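Residues per chain are reported as follows:
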Amino acid sequence: MRNAMLFFAAICLMALAACSEKGAKENVVNDFRIKRGTNLSHWLSQSEERGEARKAHIQEDDFERLEQLGFDFVRIPIDEVQFWDEQGNKLPEAWDLLTNALKLAQKHHLRAIVDLHIIRSHYFNAVNEGGDKANTLFTSEKAQEDLINLWYQLSDALKGFSNDSVAYEFMNEPVADEHEQWNKLVAKVHAALRKVEPQRTLVIGSNRWQGYETMKYLRVPENDKNIILSFHYYNPMILTHYGAWWTPIGKYTGKVNYPGILVSQSDYDAAPDSIKPLLDAYTQQEWNVDKIREDFKDAIEVAKKYNLQLFCGEWGVYEPVDRELAYRWTKDMLSVFDEFNIAWTTWCYDADFGFWDQKKNDYKDKPLVDLLMTAKGLE
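Residues numbered from 1 in each chain as written. Predicted model: local features only at pLDDT ≥ 70, side-chain atom pairs only at ≥ 80, totals over all residues. Heavy atoms only, no water.

J.: Even after reading the chapter, I still don't get the sheet that holds strand S2 (residues 73–79), so can you show me in this structure?
T.: The strands that make up a sheet are held in pairs by hydrogen bonds between backbone atoms, and each pair lies either parallel or antiparallel. Strand order in the closed barrel formed by 8 strands is S1-S2-S3-S4-S5-S6-S9-S10, with parallel pairing between adjacent strands. Ignoring which end each strand starts from, the neighbouring axes of this sheet average 25 degrees apart. For strand S3 (residues 111–118) and strand S4 (residues 166–169), the ladder comprises 4 bridges, and the chain directions are parallel. Bridge pairing links Ile 113 to Ala 167 in S4. Contacts from helix H5 (residues 92–107) reach S2, S3 and S4, with the element oriented near 175 degrees to S2. (Pairing = 2+ DSSP bridges. Helix = DSSP H or I, 4+ residues; strand = E, 2+ residues; numbered from the N terminus. Axes fitted to C-alpha atoms, helices over the stretch in contact; angles between N-to-C directions. Contact = heavy atoms within 4.5 Å.)

J.: Sorry, what's going on with the nonpolar core here?
T.: As a rule of thumb, nonpolar side chains are buried together in soluble globular proteins. Grouped together as the largest cluster of nonpolar side chains are 109 residues, with contacts concentrated most on Ile 76, Leu 98, Leu 229, Phe 231, Tyr 233 and Phe 296. Grouped together as the second largest cluster of nonpolar side chains are 9 residues, Phe 32, Ala 167, Ile 228 and Ala 343 included. (Core = buried A, V, L, I, M, F, W, Y, C linked by side-chain atoms within 4.5 Å. Buried < 20%, exposed > 50% of the residue type's maximum accessible area, 1.4 Å probe, protein only.)

J.: Just checking my understanding: could you explain empty space enclosed by the protein for this structure?
T.: Think of a ball as big as a water molecule: rolled over the atoms, this probe shows where empty space is left. For the structure on display, the rule yields 2 cavities of 30 Å³ or more. Considered as a void within the structure, the largest cavity measures approximately 110 Å³ in volume. Gly 316, Val 317, Thr 330, Phe 353 and Leu 368 are, among the 14 residues lining the largest cavity, the residues nearest its centre. Taken together, the elements giving at least two residues each to the lining of the largest cavity come down to helix H15 (323–339) and helix H16 (366–374). Element by element, the count of residues in the lining of the largest cavity is highest for H15, at 4 residues. Among the residues forming the lining of the largest cavity, the class breakdown is 10 nonpolar, 3 polar and 1 charged. (1 Å grid on protein atoms, 1.4 Å probe; cavity = no way out; pocket = protein on both sides within 12 Å on 5 of 7 lines; lining within 4 Å. Points joined across faces, edges and corners; volume = space filled by probe spheres on them. Nonpolar A, V, L, I, M, F, W, Y, C, P; charged D, E, K, R; others polar.)

J.: Help me understand the state of the cysteines in this model?
T.: What is meant by a disulfide is a covalent connection between two cysteines, made through their sulfur atoms. Overall, the coordinates contain 0 disulfides when judged by the stated rule. Between Cys 312, a cysteine without a disulfide, and Cys 348, which holds the nearest cysteine sulfur, the sulfur-to-sulfur distance is 14 Å. According to the relative accessible area criterion, Cys 312 is buried, its value standing at 0%. The buried category is assigned to Cys 348, whose relative accessible area is 1%. (Disulfide = S-S within 2.5 Å.)

J.: Help me understand the packing of aromatic side chains, please; the structure alone is not making it clear to me.
T.: Each aromatic ring pair is summarised here by two numbers: the centre-to-centre distance and the angle between the ring planes. A full pass over the atoms with the stated rule returns 26 aromatic pairs. Where Phe 231 meets Phe 296, the ring centres are 5.0 Å apart and the plane angle is 70 degrees; that geometry is what we call edge-to-face. One end of the pair, Phe 231, is in strand S6 (residues 227–232); the other, Phe 296, is in the loop between helix H13 (289–295) and helix H14 (297–306), and 65 residues separate them in sequence. The same class applies to Phe 231 as to Phe 296, namely buried. Sitting over the face of the ring of Trp 95, Lys 90 holds its NZ or CZ atom 4.3 Å from the ring centroid. We note Lys 366 situated over the ring of Tyr 363; from NZ or CZ to the ring centre the distance is 5.2 Å. (Phe/Tyr/Trp six-rings, centres within 6.5 Å; stacked < 30°, edge-to-face > 60°. Lys NZ or Arg CZ within 6 Å of the ring centre and 35° of its normal.)

Geometric values such as these leave the question of function open.
See the structure below:
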C-alpha cells in the first residue's frame, strides 16, 4: 500500500511539473525586439509584377544592404490576390518568394513582420477609390472565417521560423464603422492563431487606418505579452502626401510650410473653393515636434497600460514633396520615437516614399537614409 501511495504521489508531482512547464513555456516573452526598419512594399502587395520581374525585385543584396545600413527588421506587406486565386488555391511563386525572403532576412540578422496588407473582403482605401473596392469583412461572418483560414495556411507555412525572428500582423489598417466591430474581430483572430501558435508575436493595430487617435478604443487581448501594438502616422497629410493622386488632400498645389502654420492665409485664399474645406485645419494649427508628441500620447499610454512594445508601422513622405520640408518633419518624428522608445518601419524602402532606386541600383535619397541611420537607437 505504501509503495502504491508513493507511486501515486510521484505521478501527481510529474503531472504538476508538466503543467507548470507548459504554463511557463506559454508565458515566455519572445525575444522579438525591434528598433528601426522599413517596409518592403509594392512587391508582394500592391503590385502587378509577376514572374521574373517579381523575383528580381527583392533579392539578397537588398537584405544585405539593409543590414549594413543598420536596420534591424523589415515589414513585408502581402496581399491575398498574390497568394491565393479566387477559388482559394495557393499561388506557389509568391509563397516561395516570401519564405525565401524570411530566410534571407534571418541570414542578414533582420527580424521580419509578415503583414497581411489587403484581402479581398477589405481594402483600407476603399473609401477613396470606391467602385468594386467595397469592404464586407465587418458585416460577413464568412469573410471573417476566410480571414482566419488565410492565417491558418500562412501559419502552416511559416511556423518553422523562430518566434524570435518572425512576427505576424494579421491585418493592415482596419476600417470598421464601429470600433467594437474591430475589437471583436481582433479577439476572434487572436484566439484562432493562439490555438496553432501559442508563442508567436502578433502585431495589432487600432481601428480606422491604424490611427494613433483610436488606440484608446482598442481592446487588447489580456495576459498575452507576445503582442506588439502598432499605429501609423502620416500627419500632416498636406505635407506627407502633397501631390498624391489617391487622396483628396493631394489636389492642393499651393505652398506648404513646416514647422509652423502649414498654409498661409494668402495661399488658402488662392486655393480652389472645392478644396478649401480640407485646408481649414492647416491654417490654424501649428505643426511641430510638440504636436507630434501630443498626437502620440494616447498610443503611448495604451502601450504603458498593457506593458507592451509600441511600433509605428508606417510613416514617411511622398517622393515629390520638397526635400527640406521632408527632412525637417523626419527629424521631428525620429526625435519623438527616440524619446518614447517607439520602434518604427518607414514607408518605404524602394517605392514612391522610399530611398532606394531598384532600376538604377543606387540611392535616390541618400540624405534621407543618412538621417534615418544617424537617429539615436532604442535602448
